[in-house]
Amino acid sequence: MAIRSLVTFEATGFPNEAKWTPAGSPLVPDGRLVAEALVKALREVGFEVSNPQQHLFYGWRFEIPFHNSLEWCLLQQPGPWLLLVREKRSVLHRLFHRTSGGELKRVLTALDRVLKLDSRFSSIQWFEEQAYDAGAKQGAETPL
């Protein structure tokens, strides 16, 4: 089964929070409130989620820890909003344990539900990361 761990979507009702240097370089990216809305919704459905933190100059990241893995999420806006979810596991765990991807699937399913239940989010499309990077224009309706 293909796992689509990248989702694009539109978000309305959030003010633009981007800040720029006097020379016009990005300083603080837009999207903190969008990330906070996603984090709050994931917490409400039972996940332990870190507070969003700025990721370099272009996005906001948050993490969802599990016993043997960490689901790392990065929100950025190249056009529509783009949220990438990656599973991170320790080197020892990768060497000695096979993963079922169960935690990743739980997070992706929850994110799909969160996005679809909040009327501020629309045009939700899920992609496999490689397909998106290759220029795919049309995604799927669900992550799994």
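Up top is the structure.
Residues numbered from 1 in each chain as written. Predicted model: local features only at pLDDT ≥ 70, side-chain atom pairs only at ≥ 80, totals over all residues. Heavy atoms only, no water.

Caption draft 1: The arrangement of the overall build of the protein in detail. Of regular secondary structure, the protein possesses four helices and eight strands. Starting at the N terminus and walking to the C terminus, you meet the elements of the protein as β-β-β-α-β-β-β-β-α-α-β-α. In terms of its C-alpha atoms, the protein occupies a principal-axis envelope of roughly 50 × 35 × 30 Å. A separation of at least 24 residues holds for 49% of the contacts in the protein among residues at least 6 apart in sequence. Roughly 8300 Å² of accessible area belongs to the protein as shown, and the carbon and sulfur atoms make up 52% of that amount. On the protein, the mean spot of the 17 positive side-chain charges and the mean spot of the 16 negative ones are 3 Å from each other. (Helix = DSSP H or I, 4+ residues; strand = E, 2+ residues; numbered from the N terminus. Contact = heavy atoms within 4.5 Å. Areas by Shrake-Rupley, 256 points an atom, 1.4 Å probe, with all protein chains shown as cover. Lys, Arg positive; Asp, Glu negative; His and termini not counted. Charge placed at Lys NZ, Arg CZ, Asp CG, Glu CD.)

Caption draft 2: Representation of the sheet that holds strand β7 (residues 81-88). Within the open sheet, the six strands sit side by side as β4-β5-β6-β7-β1-β8. Their pairing is antiparallel. At either end of the open sheet lies a strand with only one pairing partner, and these are β4 (53-55) and β8 (121-127). Within the sheet, the average angular offset between the axes of one strand and its neighbour, ignoring direction, is 30 degrees. Of the strand pairs in this sheet, strand β1 (residues 6-11) and β7 are connected by four bridges, and their pairing is antiparallel. When the sheet's bridge partners are listed, V7 is paired in β7 with L83. Strands in contact with helix α1 (residues 32-44) are β1, β5 (59-65), β6 (70-76), β7 and β8; relative to β5, the strand with the most contacts, it is inclined by about 15 degrees. Lying over the sheet, helix α3 (residues 102-117) contacts β1, β5, β6, β7 and β8, oriented at roughly 155 degrees with respect to β8. (Pairing = 2+ DSSP bridges. Axes fitted to C-alpha atoms, helices over the stretch in contact; angles between N-to-C directions.)

Caption draft 3: A look at the pairing of β6. For β6, the buried fraction is high: five of the seven residues fall into the buried class. In this structure, β5 lies alongside β6, joined through seven bridges in antiparallel fashion. If you follow I64 over to β6, its bridge partner there is E71. Adjacent in sequence and paired antiparallel, β5 and β6 are bridged by four residues. As paired strands, β6 and β7 are joined by seven bridges and run antiparallel to one another. Looking across to β7, one finds that E71 is bridged to E87. Turn length for the β6-β7 hairpin, with the two strands adjacent in sequence and antiparallel, is four residues. (Buried < 20%, exposed > 50% of the residue type's maximum accessible area, 1.4 Å probe, protein only.)

Caption draft 4: Spotlight on the pattern of salt bridges. All chains considered together, the criterion is met by six salt bridges. A salt bridge links E44 to K40; the nearest nitrogen and oxygen atoms lie 3.9 Å apart. In this pair, E44 and K40 are both assigned in helix α1, four residues apart and thus about one turn of the helix distant. The same class applies to E44 as to K40, namely exposed. The partner of K116 in a salt bridge is D112, with the nearest N and O atoms 3.0 Å apart. Pair noted here: K116 and D112 are both in helix α3, with a separation of four residues, about one helical turn. (Salt bridge = Lys/Arg side-chain N within 4 Å of Asp/Glu carboxyl O.)

Caption draft 5: Main features of α3. Compared with an ideal rise of 1.5 Å per residue, which puts 16 residues at 22 Å, α3 spans 22 Å between its outermost C-alpha atoms and is within 8% of the ideal. Within the span of α3, buried status applies to L104, V107, L108, A110, L111, D112, V114 and L115. (Expected span 1.5 Å × (residues − 1).)

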